[in-house]
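# Inside the fold
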Number of protein chains: 2
Amino acid sequence: VAAARRLLRRSVRRDAGRLLVEGPSALSAALAAGRVLEVFATPEASQRHAALLDLATAGRARLSLVDDAAAAALSETVTPQGLVAVASMPTAGLVDLPAAPRLVAVLLEARDPGNAGTIIRTADAAGADAVVLAGASVDPWGGKCVRASAGSVFSLPVVDGVCLEPVLDALAARRCRVLAADGSGETLLDDEIDAGRLARPTAWLFGNEARGLPASAIGAAEAAVAVPVYGAAESLNLAAAAAVCLYASARAQRGPRQSARSATSAAKAGAAEGRQER
Amino acid sequence: VAAARRLLRRSVRRDAGRLLVEGPSALSAALAAGRVLEVFATPEASQRHAALLDLATAGRARLSLVDDAAAAALSETVTPQGLVAVASMPTAGLVDLPAAPRLVAVLLEARDPGNAGTIIRTADAAGADAVVLAGASVDPWGGKCVRASAGSVFSLPVVDGVCLEPVLDALAARRCRVLAADGSGETLLDDEIDAGRLARPTAWLFGNEARGLPASAIGAAEAAVAVPVYGAAESLNLAAAAAVCLYASARAQRGPRQSARSATSAAKAGAAEGRQER
């Protein structure tokens, strides 16, 4: 527990190539990615999440029963759930970007771990190929970001600790156009949609929560694109703006039905189609 | 300061019909709504935000210079900005919903003040006519929600403390169709868009962060609508899903350009049109 507890610090995580994963949702994603090394659970949590722990021990993960105090010591939340795992850190670099990415989200100087995690989760849901955290962005392997991502940090390549220039080079080499999300951008998102340009392979640049993107990043993009504001609000929250932009791309690229995964809807659509054929 | 400090408690806010507003962005929105009664500022903050304080005192607001300790006592943030105001609480009820609303967001049992504030901000930006917090939802007048809304709680009617049934009655009386946002809904958001149905006056129901909407609420809606998930993520964060749904409605209702407000883009579009005419 003492060794695991040190992983609460960013520098120790870096050195060890390991991170802490708290709660069933993130643990489940880490297990699916085969990254769980050890699970700490209180007796109560081990009963409540028995199926998840069976899955962990069926892999190579070690299970350690701990008391509430030890579980709380490993937890960063106000109400610890008694379930914390040590996972190996996925180490994706720019070379690991797919050769022909369709949709990429790039965060530049994003400082809020909740926002970063939410955007990673949204990018995963929108079918993005990768998320890149460039410049002095927050550590995606910190507890708050991992939890906000609901485990999506394990589901798609997350590249961090890179400068913007090599990111832009890598995207250019992969023939991916770059759009800067910018509340005061000249192009409205709807113009991009109407012109059919969002169907092309696209990387979205998102900036700092307070300052947005620097002029240099906006200048390097093909266009500065604003989500339209119809009401009195000055702007959108970063993660909300990212959700609107990423889903605009997903819709343009995927069309309404193709490969969308929604368990219930897929099953029911299948049943409905079956009925129509009969 | 002592009296203002008590407004950190929900029950006191209710009784007094007043709330605390922290930071320049929310204060600016409260001033624009004519709701600021008193401003507490440290000497440093009063210099940094001189224009805002001039605006406040030009209204009927009283200005009190306080020391850092007093400002911190009124603050709920880790890094107080030295600027906190007492504002009168807007009291919108269901009767205050416009007679023919175009877009309404209804939160049912939403418990996270950051999510609720972000959704109020997004609804405002998307041009919604009102936000309703139904059932045991979080208090929209608490500090975290007001800050997450970036002041949008003052910009559009926010109705809270109501049960779902009268909300549905009020929406039906105003000929507003009701859609339930539901990750396992039968209808994909893209189907609604493609069928052109989102152009109609629409109220979106959003549920609890963990449990979603109860079956009764889904049953009362015209359709249960899922934002498609293309990747490995189980679902979207509540505020991200709301952003995608509300902006899908805004786009269907407003079209690409009509009355979208983006200072820079509007100015530049005007200049471009001017050039074309010459």
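None of the values given here were measured: they were computed from a predicted structure. (Residues numbered from 1 in each chain as written. Chains lettered and ligands numbered in written order. Predicted model: local features only at pLDDT ≥ 70, side-chain atom pairs only at ≥ 80, totals over all residues. Heavy atoms only, no water.)

Quick look at the overall build of chain A now. Regarding its fold elements, chain A presents 13 helices and eleven strands. The C-alpha radius of gyration of chain A comes to 20 Å, within 12% of the 19 Å expected for a compact globule of 278 residues. If one aligns the C-alpha atoms of chain A with their principal axes, the spans along those axes are about 60 × 60 × 40 Å. Scored against the burial criterion, the 278 residues of chain A give a buried share of 56%. About 11900 Å² of surface is accessible on chain A, with carbon and sulfur atoms providing 51% of the total. Looking at chain A, you have 29 positive and 28 negative side-chain charges, and the mean spots of the two groups are 6 Å apart. (Helix = DSSP H or I, 4+ residues; strand = E, 2+ residues; numbered from the N terminus. Rg over C-alpha atoms; globule rule 2.2 N^0.38 Å. Buried < 20%, exposed > 50% of the residue type's maximum accessible area, 1.4 Å probe, protein only. Areas by Shrake-Rupley, 256 points an atom, 1.4 Å probe, with all protein chains shown as cover. Lys, Arg positive; Asp, Glu negative; His and termini not counted. Charge placed at Lys NZ, Arg CZ, Asp CG, Glu CD.)

Time to look at the packing of aromatic side chains. Residue and element names in this part refer to chain A. Per the stated rule, a full pass over the model turns up four aromatic pairs over all chains. Between the aromatic rings of W204 and F206, the centroid separation amounts to 6.2 Å while the plane-to-plane angle is 10°, which identifies the pairing as stacked. Under the relative-accessibility criterion, W204 is labelled buried at 0%. (Phe/Tyr/Trp six-rings, centres within 6.5 Å; stacked < 30°, edge-to-face > 60°.)

Applying the stated criterion to the full structure yields two cavities of 30 Å³ or more. What the largest cavity holds in volume is close to 90 Å³. Taken together, 13 residues line the largest cavity, and the ones lying closest to its centre are L8(B), L20(B), V21(B), E76(B) and G143(B). Of all the elements in the fold, those that place two or more residues in the lining of the largest cavity are β1 (18–22) and α8 (143–148) of chain B. Classifying every residue of the lining of the largest cavity by side-chain character gives eight nonpolar, one polar and four charged. The computed volume of the second largest cavity comes to approximately 70 Å³. Around the second largest cavity, the lining residues are L7(A), L8(A), R13(A), L20(A), V21(A), E22(A), L74(A), E76(A), W141(A), G142(A), G143(A) and R147(A). (1 Å grid on protein atoms, 1.4 Å probe; cavity = no way out; pocket = protein on both sides within 12 Å on 5 of 7 lines; lining within 4 Å. Points joined across faces, edges and corners; volume = space filled by probe spheres on them. Nonpolar A, V, L, I, M, F, W, Y, C, P; charged D, E, K, R; others polar.)

Mapped onto the elements, S46(B) comes out in helix α4 (residues 43–48). Since its relative accessible area comes to 18%, S46(B) is described here as buried.

Residue and element names in this part refer to chain A. Summed over all chains, the structure comprises 26 salt bridges over all chains. A salt bridge links D139 to R14; the nearest nitrogen and oxygen atoms lie 2.9 Å apart. Taken together, the positions of D139 in the loop between β6 (130–134) and α8 (143–148) and R14 in helix α2 (residues 10–16) put the pair 125 residues apart, joining distant regions of the chain. A relative accessible area of 37% means that R14 is categorised as partly exposed. Here E192 and R197 are joined by a salt bridge, their closest N and O atoms 2.9 Å apart. We classify E192 as buried; its relative accessible area is 1%. Three or more residues joined by partner-sharing salt bridges are found here, namely R10, R13, R14, D139 and D160. (Salt bridge = Lys/Arg side-chain N within 4 Å of Asp/Glu carboxyl O.)

This part takes up the sheet that holds strand β5 (residues 103–108) of chain B. Residues and elements named next belong to chain B. A sheet is described by the order of its strands in space; here seven strands give the open sequence β7-β6-β5-β10-β8-β11-β9, paired in parallel fashion. A strand with exactly one partner marks an edge of an open sheet, and here the two such strands are β7 (158–162) and β9 (187–188). The pairing of β9 with strand β11 (residues 223–226) spans two bridges and is classified as parallel. What sits directly across from L188, in β11, is A226. Helix α7 (residues 113–125) contacts β5, β6 (130–134) and β7 of the sheet and is inclined by roughly 155° relative to β6. The sheet strands contacting helix α12 (residues 238–254) are β5, β8 (177–181) and β10 (202–206), and the helix crosses β10 at an angle near 175°. (Pairing = 2+ DSSP bridges. Contact = heavy atoms within 4.5 Å. Axes fitted to C-alpha atoms, helices over the stretch in contact; angles between N-to-C directions.)

Another aspect to go through is the pairing of strand β2 (residues 36–41) of chain A. Residue and element names in this part refer to chain A. Burial of β2 is extensive: five of the six residues sit out of reach of the surface. Across five bridges, β2 lies against strand β4 (residues 83–88) in antiparallel orientation. Each bridged residue has a counterpart across the sheet, and for V36 the counterpart in β4 is A87.

A word on the pairing of β4(A). Residues and elements named next belong to chain A. With six of six residues buried, β4 is to be regarded as a mostly interior element. The alternating pattern of β4 places L83, A85 and A87 and V84, V86 and S88 on opposite faces, both of which are buried. Inspection of the sheet shows strand β1 (residues 18–22) paired to β4 by five bridges, in the antiparallel sense. Pairing of V21 across the sheet is with A85, part of β4.

Before going further, it helps to spend a moment on the layout of surface pockets. Roughly 420 Å³ of internal volume is contained in the second largest pocket. Lining the second largest pocket are 22 residues, and of these I193(A), A248(A), R251(A), I193(B) and R251(B) sit closest to its centre. The set of elements that each furnish at least two residues to the lining of the second largest pocket consists of α10 (189–194) and α12 (238–254) of chain A together with α10 (189–194) and α12 of chain B. Tallied by class, residues from the lining of the second largest pocket come to 17 nonpolar, one polar and four charged.

All names here are of chain B. Within the secondary structure, G23 is located in the loop between β1 and α3 (24–32). Residue classification places G23 among the buried residues on the basis of a relative accessible area of 2%. Distance from G23 to A233, taken between C-alpha atoms, is 35 Å for residues 210 residues apart in sequence. Excluding anything up to four places from it in sequence, G23 contacts Q81 and L83.

All names here are of chain A. Relative to each other, helix α3 (residues 24–32) and helix α5 (residues 50–58) sit at 30°, their axes nearing to 11 Å. Relative to α5, the element α3 lies roughly parallel. The element α3 and its partner α5 pack so that their crossing is left-handed. In contact with P24, L27, S28 and L31 of α3, α5 contributes L52, L55 and A56. Of the residues contributing to the contact of α3 with α5, the split by class is six nonpolar, one polar and no charged. (Parallel < 35°, antiparallel > 145°, perpendicular 65-115°, else oblique. Left-handed = near helix turned anticlockwise from the far one by under 90°.)

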